[in-house]
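Working through the structure, step by step
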Amino acid sequence: MTRAPAAHGTQVITGDGTTLSAASYLCLPLAELLPDVARALGDDHPDTLTTRHDLACRRGYAGVAAGAVTALAELLSDSVRVLGDDHPDTLTTRHDLACRRGYAGDAAGAAATLAELLPDAMRVRGDAHPHTLTTVQALAFWRGEAADAAGDQS
């Protein structure tokens, strides 16, 4: 494999000559690993859920926003069922799903989802927990993006 500099990151040229962004390339091992993890541990095992989460997020980083949103939405349903509403991994999935929605073009939806998440994060993790503070920051960011998208000049 050869690496060539790109304007916004690294491109990877695979052995068959396919050019992928580095982020897309990083999805491949997880996509190949997921069926084996699910087969060995079961679809509902926490490590399987974590692998699905990581793959969805990498898809988002690779620019596949809609695919990341779909995968995270499906994962959230399973996380709530398996781990419960208040499990830290479920809260993280809610946060990442909200942000991926924003990156997919739905800033207002991202802000609304984060506003719903924040009281739960504060209750479960505490006001000063780093993940709670990240949710506060993300909420402020997506509210700003939503206002910009709506043409609010205040």
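Residues numbered from 1 in each chain as written. Predicted model: local features only at pLDDT ≥ 70, side-chain atom pairs only at ≥ 80, totals over all residues. Heavy atoms only, no water.

Thoughts on the environment of L49
Residue placement: L49 occurs in helix 2 (residues 46–61). Through-space distance from the C-alpha of L49 to that of L75 is 7.1 Å; in sequence the pair is 26 residues apart. Not counting residues up to four positions away in its chain, the partners in contact with L49 are D43, D44, L75, D78, S79, V82 and L83. (Helix = DSSP H or I, 4+ residues; strand = E, 2+ residues; numbered from the N terminus. Contact = heavy atoms within 4.5 Å.)

Some words on helix 2
Between the first and last C-alpha of helix 2 there are 22 Å, a value that for 16 residues agrees with the 22 Å anticipated at 1.5 Å per step. Residues of helix 2 that are buried: T48, L49, T51, R52, H53, L55, A56, C57 and G60. (Expected span 1.5 Å × (residues − 1). Buried < 20%, exposed > 50% of the residue type's maximum accessible area, 1.4 Å probe, protein only.)

Examining the packing of helix 5 (residues 107–125) against helix 6 (residues 130–150)
The relative placement of two packed helices comes down to the angle between their axes together with the axis-to-axis distance. Two elements in contact, helix 5 and helix 6, have axes separated by 8 Å at closest approach and are oriented at 160°. Relative to helix 6, the element helix 5 is oriented roughly antiparallel. For the element pair helix 5 and helix 6, the recorded crossing hand is left-handed. Contact residues: helix 5 offers A107, A108, A110, A111, L114, A115, L117, L118, A121, M122 and R125, while helix 6 offers H131, T132, T135, V136, A138, L139, W142, R143, E145 and A146. Its residues assigned to classes, the contact of helix 5 with helix 6 shows 15 nonpolar, three polar and three charged. (Axes fitted to C-alpha atoms, helices over the stretch in contact; angles between N-to-C directions. Parallel < 35°, antiparallel > 145°, perpendicular 65-115°, else oblique. Left-handed = near helix turned anticlockwise from the far one by under 90°. Nonpolar A, V, L, I, M, F, W, Y, C, P; charged D, E, K, R; others polar.)

A closer look at the nonpolar core
Counting residues in hydrophobic clusters, the biggest one holds 13 residues, and the most contacted among them are C99, L114, A138, L139 and W142. Elements with a contribution of two residues or more to this core: helix 4 (88–103), helix 5 and helix 6. Counting residues per element, this core draws most heavily on helix 5, which supplies six residues. With sequence-adjacent residues up to four places away left out, W142 is seen in contact with C99, G102, Y103, A107, A110, A111 and L114. Grouped together as the second largest cluster of nonpolar side chains are eight residues, A56, L72, L76 and L97 included. (Core = buried A, V, L, I, M, F, W, Y, C linked by side-chain atoms within 4.5 Å.)

Some points on the packing of helix 2 against helix 3 (residues 65–83)
One can describe the packing of helix 2 onto helix 3 by two numbers: an axis separation of 9 Å at closest approach and a directional angle of 160°. By the criterion of interaxial angle, the relationship of helix 2 to helix 3 is roughly antiparallel. Viewed along their axes, helix 2 and helix 3 form a crossing whose handedness is left-handed. For the pair formed by helix 2 and helix 3, the contact residues are P46, L49, R52, H53, A56, R59 and G60 on the first element and A68, A71, L72, E74, L75, D78, S79, V82 and L83 on the second.

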